[in-house]
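Observations on the three-dimensional arrangement
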Amino acid sequence: MSYRYYNFFERTTPIQTDEGIKARSKRGDFAKNWWAARWIKALEPLLNAGRLTRGRSYARRGQVLEIKENANGISAKVQGSQRTPYKVTISLQHLSDKQWEKVIDALAERAIFTAQLLAGEMPQEIEEAFDAAGVTLFPGKRNELMTDCSCPDPANPCKHIAATHYILGEQFDEDPFLLFRLRGRDQDAILDALRAKRAATMPALAEETVAYVTEEPATPLAETLDRFWTMGESLAGFPLQIKAPVTALPILKRLGQPSFLEESVEQLLGPAYRAMTEKALALYDGAGTDHEEQF
Amino acid sequence: MYILHAHWQPPTSSSATGTLHFWAETALAPQPPKYKRNTKRILPHPFCVEAKTLRQILLPLTAATVKPQSGTVDLWLPTTLNGPQPSPALLHDWTFDGRSKVALARWRIDGLQLAPAAAIELLTQLPAAFELPPNIRIGDDLRFWEMVTLFALEIVAQQKVLPTLAQADATGKEYHGRWMPVIDGPRDGPRLARLVEAMPPLARAGAETAAGAEHPRHLLDSYLNALTDGLARDWGASGFSKLPFNSSEPAHNWLRTLFVDNPAVKAATAQLQRLQNSYYAWLRNLHVAGDRTVRVAFRLEAPLQQKANRSTNGTREWQLHFLLQARDDPSLLIPAGQIWQSSGTVLQAVGRQVQQPQEKLLTGLGYAARLFEPLRRTLQGAKPEQAELTTEEAYTFLRQTAPLLEESGFGVLIPPWWNKPGSRLGVRLRMQANRQRASASADAVAANSSMSMDKLVNYKWELSLGETTLTKEEFDALVALKSPLVQIRGQWVELNPEQIEAAIEFWQRHDTDADVSLHEALGIGLGAAEMDGLPIEEVEFEGWLADWMQRFTGNERLDVLPQPQSLHATLRPYQAYGYSWIDFLRRWGMGACLADDMGLGKTIQTIAMLLRIKEEEKTLPGPVLLIAPTSVVTNWAKEVDKFAPDLFAHVHQGGDRLKGKHLVNQAKSVDLLLTSYPLIRRDADALQQVDWFGVILDEAQNIKNPGAKQTQVIRELPAGFRLALTGTPVENRLSELWSIMHFLNPGYLGSRQNFRQRFALPIERYQDKEQAEQLRKLVAPFILRRVKTDPTVIQDLPEKTETKVYTPLTEEQATLYEAVVREALEEINSAEDEMSRRGRVLSMLMQLKQICNHPAQYLHQVGEEYTAGDEEKRSGKLSRLTEMLEEIIAVGDRVLIFTQFAEMGQLLRSYLQQQLGISTLFLHGGTPSKQRQSMVEQFQEDADGPPIFILSLKAGGVGLNLTRANHVFHFDRWWNPAVENQATDRAFRIGQKRNVQVHKFVCTGTLEERIDEMIERKQALAESIIGDGEGWLTELSTSELREMVTLRRGSME
């Protein structure tokens, strides 16, 4: 009896599922970027080694069925050993309005903060901005990070919470604004506030008052009868450059390596792109020669 | 005739591909019936080609192996009580009530259907307008989709396609993997805008209601998306021997769907949502530069004055400004300052609405800062407007960062001097005559024909940078500065490492002068771009070589030679210039192309040139071969006879012509051998054995196909000099141009492959103006073209030029002719009295005239419902008429054709309209007078009116003013000069500005020729003898008659 009470942590086997969200990292660290790593670090001191390991393995096996964001934070469903999946919640203490104002002030001073955030990066010096407000972005004290799970394990955080936490870490990689949302402000609210701050320091410029349309509406068909069959504007001299790209795989180069693939995307899809160029040029050059032979 | 169309019907669900619907209008259908308005049913289109027939018309146009299905589509078309209106290009014989109002109505159209990717072969191989069979036209809508397809082909070839993952419908349960085009480059916006403008309204006619017609941009997008997806899918899959995706990963499941038919991704919803979130994060980089309306742009500004003599590496004098740029019009720019001053989420500026401008700018800057370190500096401020850069940093930006930024979708505005000629290291060449000949004058060199044309020219080179030339010391000093951008005389110039290396190697390799041939020098002087990696900035010619180049390239007029004494005609001034020009090129071993308009006297200029040689050298050094179309050979013989009796010419033609050794010997004994294109092929063996002093091609467009046997045989003829004559605008048809130049000056324009890559494809497909100009410079010295509308030429032209066009009979015609002659002469001989004899003579003449025109006319095959087929094969006259009309219509001239026979007129009209697709008017005795008026008006006034007017009227009809015509054909003739002239004068009025050419058709070997000679000889007495009509012919005796009508077969092929 007491043996069981002391170590409630049973090595239970979770029910397998194909429908879960699998962690992308197969081994080693979960996070790619420094801020996701920081996030994960916030949790690890709070669990014992066993639960951490189980948490990791759950994440990698795809036991986390669902992760959703709501006004309070994160809620997730994790498949455990019981048929009904367990409900997990994770949330951070929201910053107060006053605290946010101070943070915004600090962020507005240097454009690089906003620029990097918008471009998908967490600026290195972001802590400085939060420092100025007397708060931290990442959960520092234990009570700033609130977690709960409906599983029988009384330990909190349990392995289900850990699994969710790791999956969440991977989302942080892609979306630094998630952390702000957990702290109580979404992207639009932050950007609006920053914009207002910038505007406040300059006299507003009268904007052009003529109304513009984003897309011209099309002429009704019934009004086009006098030119119904002809091209609106000659396409003589329409420039075309049907040739291989100057730099190979231009779109993949612009996009960079995606987080959802382990192998290099350029290696994986490269052959497809090269075949497209080959076939396109073969068709085009062949078209030219065929004409000459037709005489 | 047929007009081909194509309609794009977008897909109605996310798993469909959409359909291209090909259809055609035909003029061969019967008159459409009258329709009542407001029928509820959608009626079938009355003159649309059925699918089966369309297969036979459309598919043979290309080499594509496509398998379309038959299908129908319902289109809203402009409609009257007579049914749907034919498109303006369709030439038809129906009559419509002009007063009926036009409104949109829906019609069911038969045709052939293909998915866009399946149709790609067809759409990329459509023939150009001048390559189509004459009775087929391609409608604007099909041409439009052809261009859009090529645009899509460019997108795929350049790999600008993106794998996407999107919800298939609103339920969110199914996700599809599809390829999408990425068209956000600096050249894409304006092109898309242009395509939207160009879309014919017909393309939008496939909606359920007329009011619901799609927006052109949406229609265009749906087509580009569908086609790109289809192509990327098929072609991409072919890059793998086995698809490398395993199915346990949602991401791999998705990627797999990009290469198979079914785009639906197999995975749990939560997994797909997660994947999509990650996917959007991945896509972020694609949109860093902006959205559909604007993109972030950078503008580099150079400092006005470089600080003198100091290395500028430390100071930051260059400025990189930040802006937003409109995608569809790169000239519209919003500076960062303005963006920071606006406070709302939407900025109205430069006629555009820009969403979240500040965030856009910051996103772009955030991304660009990763590529270019100095930007991070600037971003430390709150409202960055520009970055200050050192010269080094500016150079790095220009060379490395700018291309990367452009590829990422940013706008980059760089100083105009970057990468332009004159701002880089290059080579200047000086060319002069080889040392030994440097002192001689051009004429002395030319006169001494024993000098070889090889190694005639010597060139020296210098290194140049911008406008200045550099000595080796100056060059070394610049290199020592170690700055990639230097300012020379106020201009910034690039000194990049590769060029410096190339220049160093150049010094080492080319430290002596070199000698080349005149041909090579021309190639370099007129056309070459580069020499050993350094661009050629300038070429200068010196000494007499410079004078020669001036004359040769036409910058200075040549010396006009005096007229040859033995020429029995007077050359007009422009003709004297022409023959001097041909002679000049001949002396210098250059093949020449005389491309004057029809009727300006190419024949006489050629004859003049030959006579001059004969006069100078006392005899031609060898025989000259002249090759012309079959019907033209006789013309040449007659003209040589008339104008140059001192030239001995032999006509090589006919079944009884010389062969083998006899031919060779005969050739050697004459000045000029005349023969036809078909015979060159047949008698090639013998003709290639003669060492021709020169080979002349008349109507040189006959060798336009470089691969044809005929062309090859002609090129292999041993020839001292080469001359090509043509009336077609040869500069516009590049394949033809190459073939003719390859005959005249082999190797000058490079190999056929080379020419295609360097000129033909860029000019004809890409509309590359620079290459077009290059080519023009290269060939201009070898082509001389004067047109009738040239004011200096018009002064020299008489108002009316009359020529006889001698054409042979076809075999069918000859057989009929001889049969009639045999029978009629018998009857005439045994005629009982004067009356019946007279009658029989006149009827014989009539029959023979008809046969000379066309067998179908004589055999009365031309009825009410007549439609022409390959009629020109049956009649020599019609065959030659077709050849001549091609040239005439190509230059935009207008034509009257006279015939005495209404039947012949009808045959001609049907043939010209249906088989050649040329709009034609026909006026005959039965035409009501009101219609006559409107026809004359149409011909005289309409800008796009029919270019041909056929008239078959008894001479002496109501005064018709047809002065817009500048060509008059007498297809068959009144054998009475006064009557004929009166007809001609319909077009000719004294004092009008244009020259009229009158062509009179004469069948060789027949009575037409004989009578013509007779009339010519008796010209002075003609009027008194011939009187009013043709009755004078009946006065001839039977033996005179026999003499006149017997067929001389010698001139037939």
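Residues numbered from 1 in each chain as written. Chains lettered and ligands numbered in written order. Predicted model: local features only at pLDDT ≥ 70, side-chain atom pairs only at ≥ 80, totals over all residues. Heavy atoms only, no water.

**Quick notes on the overall build of chain B**
Along chain B, the regular secondary structure elements total 37 helices and 37 strands. Counting across all 1053 residues of chain B, residues that qualify as buried make up 58%. Sequence separation of 24 or more characterises 75% of the internal contacts of chain B that already satisfy a separation of 6 or more. For chain B, the exposed surface amounts to about 44,100 Å²; the carbon and sulfur share of it is 49%. (Helix = DSSP H or I, 4+ residues; strand = E, 2+ residues; numbered from the N terminus. Buried < 20%, exposed > 50% of the residue type's maximum accessible area, 1.4 Å probe, protein only. Contact = heavy atoms within 4.5 Å. Areas by Shrake-Rupley, 256 points an atom, 1.4 Å probe, with all protein chains shown as cover.)

**Thoughts on the overall build of chain A**
Along chain A, the regular secondary structure elements total eleven helices and four strands. The burial tally for chain A puts 47% of its 295 residues in the buried class. Considering only residue pairs separated by 6 or more positions, chain A has 71% of its internal contacts joining residues 24 or more positions apart. Accessible surface, chain A as shown: approximately 14,800 Å² in total, 51% of it carbon and sulfur.

**Section: the interface of chain B and chain A**
In this assembly, 131 residues from chain B lie in contact with 106 residues from chain A. Note on chain B versus chain A: buried area summed over both sides is about 10,700 Å², and carbon and sulfur give 59% of it. At the surface where chain B touches chain A, the tally comes to five salt bridges. Among the ionic pairs, Glu121(A) bridges to Arg370(B), the shortest N-O distance being 2.6 Å. Counting across the interface, chain B meets chain A through 33 residue pairs in polar contact (both at pLDDT 80 or more). (Buried area = accessible area lost by both parts, 1.4 Å probe. Salt bridge = Lys/Arg side-chain N within 4 Å of Asp/Glu carboxyl O. Polar contact = N/O pair within 3.5 Å; in protein donor to acceptor, adjacent residues only side chain to side chain.)

**Comments concerning the sheet that holds strand E36 (residues 967-970) of chain B**
All names here are of chain B. On the basis of which strands lie adjacent, the open sheet formed by six strands has the order E32-E37-E36-E33-E35-E34 and parallel pairing. Looking at strand neighbours, the two that pair on one side only are strand E32 (800-807) and strand E34 (920-924), the edges of this open sheet. Neighbour-to-neighbour, the strand axes of the sheet open up by a mean angle of 20 degrees, direction not taken into account. Relative to E36, strand E33 (residues 895-898) is paired through four bridges, and the arrangement is parallel. In the strand pairing of E36, leucine 896 is matched with valine 968. (Pairing = 2+ DSSP bridges. Axes fitted to C-alpha atoms, helices over the stretch in contact; angles between N-to-C directions.)

**Side note on the sheet that holds strand E27 (residues 649-651) of chain B**
Residue and element names in this part refer to chain B. One open sheet accounts for seven strands, arranged E27-E28-E26-E29-E30-E25-E31; its pairing is parallel. Of all the strands in the sheet, the pair left with one neighbour each is E27 and strand E31 (783-784). As judged from the two bridges shared by strand E25 (residues 592-594) and E31, these two strands associate in the parallel manner. Bridged to leucine 594 within E31 is leucine 784.

**Quick word on the packing of aromatic side chains**
Applying the stated criterion to the full structure yields 34 aromatic pairs over all chains. Taking 5.6 Å as the distance between ring centres and 50 degrees as the angle between the ring planes, the aromatic pair formed by Phe755(B) and Phe759(B) counts as tilted. You can see Phe755(B) and its partner Phe759(B) sitting in helix H25 (residues 752-765), four residues apart, about one turn around the helix. Judged on exposure class, the residue Phe755(B) and its partner Phe759(B) are both buried. Linked through ring pairs, Phe260(A), Trp254(B), Tyr279(B), Tyr280(B) and Trp282(B) together constitute an aromatic cluster. We note Lys638(B) situated over the ring of Tyr806(B); from NZ or CZ to the ring centre the distance is 4.5 Å. Over the face of the ring belonging to Phe971(B) we find Lys877(B), whose NZ or CZ atom lies 5.5 Å from the ring centre. (Phe/Tyr/Trp six-rings, centres within 6.5 Å; stacked < 30°, edge-to-face > 60°. Lys NZ or Arg CZ within 6 Å of the ring centre and 35° of its normal.)

**Thoughts on the confidence of the model for chain A**
Do not read the fine detail of predicted coordinates wherever pLDDT is low. Residues and elements named next belong to chain A. Chain-level statistics for chain A give a pLDDT mean of 81 and a share of 87% at 70 or above. When pLDDT is averaged over each helix and strand of chain A, the minimum, 42, is found for helix H1 (residues 2-6) and the maximum, 93, for strand E2 (residues 74-78). Below pLDDT 50 for its whole length, residues 1-8 participates in two contacts with residues either more than four positions away or in separate chains. In this model residues 207-213 is a low-confidence stretch, pLDDT under 50, and it forms 14 contacts with partners more than four residues away in sequence or in other chains. (pLDDT = per-residue confidence, 0-100.)

**Some points on the packing of helix H31 (residues 876-890) of chain B against helix H32 (residues 902-915) of chain B**
Residue and element names in this part refer to chain B. The N-to-C vectors of H31 and H32 enclose an angle of 45 degrees; their axes lie 13 Å apart at closest approach. In terms of their interaxial angle, H31 and H32 are classed as oblique. H31 and H32 meet at a crossing whose hand is right-handed. Of the residues in H32, those in contact with Leu878, Leu881, Thr882 and Leu885 of H31 are Leu907, Leu908, Tyr911 and Leu912. (Parallel < 35°, antiparallel > 145°, perpendicular 65-115°, else oblique. Left-handed = near helix turned anticlockwise from the far one by under 90°.)

**Topic: the environment of Gly599(B)**
All names here are of chain B. As for its placement among the helices and strands, glycine 599 is situated in the loop between E25 and helix H18 (602-617). Given the relative accessible area of 36%, glycine 599 is considered partly exposed. Put simply, glycine 599 and glutamate 802 are 203 residues apart on the chain and 9.2 Å apart in space, counted from C-alpha to C-alpha.

**Considering a negative patch on the surface**
Residue and element names in this part refer to chain B. Together, Glu937, Glu941, Asp942 and Asp944 give the surface a local cluster of negative charge. Take aspartate 944: it is sitting in the loop between helix H33 (929-941) and strand E35 (948-952). Residue classification places aspartate 944 among the exposed positions, given a relative accessible area of 77%. (Patch = residues over 30% accessible without salt bridge, like charges linked within 9 Å, V, L, I, M, F, W, Y side chains within 5 Å. Lys, Arg positive; Asp, Glu negative; His and termini not counted. Charge placed at Lys NZ, Arg CZ, Asp CG, Glu CD.)

**Details of the pattern of salt bridges**
Residue and element names in this part refer to chain B. Evaluated as defined, the whole model comprises 51 salt bridges over all chains. Where glutamate 616 meets arginine 612, a salt bridge forms, and the shortest distance between an N and an O atom there is 3.0 Å. Of this pair, glutamate 616 and arginine 612 both sit in helix H18, four residues apart, which is roughly one turn of the helix. Here the salt bridges share partners, and the residues they tie into one network are Asp583, Arg586, Arg587, Arg612 and Glu616.

**Things to note about the side chain of Gln857(B)**
Residue and element names in this part refer to chain B. With respect to the helices and strands, the residue glutamine 857 is situated in helix H30 (residues 855-858). On the basis of relative accessible area, glutamine 857 is assigned to the buried category, the value being 0%. Apart from residues no more than four positions distant in its own chain, glutamine 857 is found in contact with Gln850, Val862, Phe901, Glu903, Met904 and Leu907.

**A word on the confidence of the model for chain B**
Residue and element names in this part refer to chain B. Per-residue pLDDT for chain B averages 84, and the proportion of residues at 70 or more is 91%. Model confidence for chain B, summarised as mean pLDDT per element, is weakest for helix H36 (residues 1019-1026) at 52 and strongest for strand E1 (residues 2-9) at 96. Among the prediction metrics, the complex's ipTM stands at 0.81, with pTM recorded as 0.67.

**Details of H32(B)**
Residue and element names in this part refer to chain B. An ideal rise of 1.5 Å per residue puts 20 Å on 14 residues; H32 measures up with 19 Å between its terminal C-alpha atoms. When H32 is considered as a whole, its buried residues turn out to be Met904, Gly905, Leu907, Leu908, Ser910, Tyr911, Leu912, Gln913 and Gln914. Looking at the buried side of H32, the elements it contacts are helix H29 (834-853), H30, H31, E33, E34 and E35. (Expected span 1.5 Å × (residues − 1).)

**Quick notes on the environment of Leu286(B)**
Looking at the element boundaries, Leu286(B) is found in the loop between helix H7 (269-283) and strand E10 (294-301). Along the sequence, Leu286(B) and Leu162(B) sit 124 residues apart, while their C-alpha atoms lie 9.8 Å from each other.

**As for the side chain of Arg191(B)**
Within the element layout of this structure, Arg191(B) appears in helix H4 (residues 188-198). With a relative accessible area of 8%, Arg191(B) lands in the buried category. Setting aside its immediate chain neighbours within four residues, Arg191(B) contacts Phe238(A), Pro239(A), Leu240(A), Phe151(B) and Glu154(B).

**Some remarks on helix H14 (residues 497-509) of chain B**
All names here are of chain B. Taking 1.5 Å as the rise per residue, H14 with 13 residues should run 18 Å; its terminal C-alpha atoms sit 18 Å apart, in good agreement. Among the residues of H14, those classed as buried are Gln499, Ile500, Ala502, Ala503 and Phe506. All buried residues of H14 lie within an arc of 165 degrees about the axis, which places them on one face of the element. The outward face of H14, more than 90 degrees from its buried face, is lined by the exposed residues Pro497, Glu498, Glu501 and Gln508. (Arc of directions from axis to C-beta.)

**Observations concerning the packing of helix H17 (residues 573-587) of chain B against H18(B)**
Residue and element names in this part refer to chain B. Relative to each other, H17 and H18 sit at 55 degrees, their axes nearing to 9 Å. Relative to H18, the element H17 lies oblique. Where H17 crosses over H18, the handedness of that crossing is right-handed. Taking contact as the criterion, the partners of Tyr574, Gln575, Gly578, Tyr579, Ile582, Asp583, Arg586 and Arg587 in H17 are, on H18, Ile604, Gln605, Ala608, Met609, Arg612, Ile613 and Glu616. When the residues that make up the contact of H17 with H18 are grouped by side-chain class, the tally is seven nonpolar, three polar and five charged. (Nonpolar A, V, L, I, M, F, W, Y, C, P; charged D, E, K, R; others polar.)

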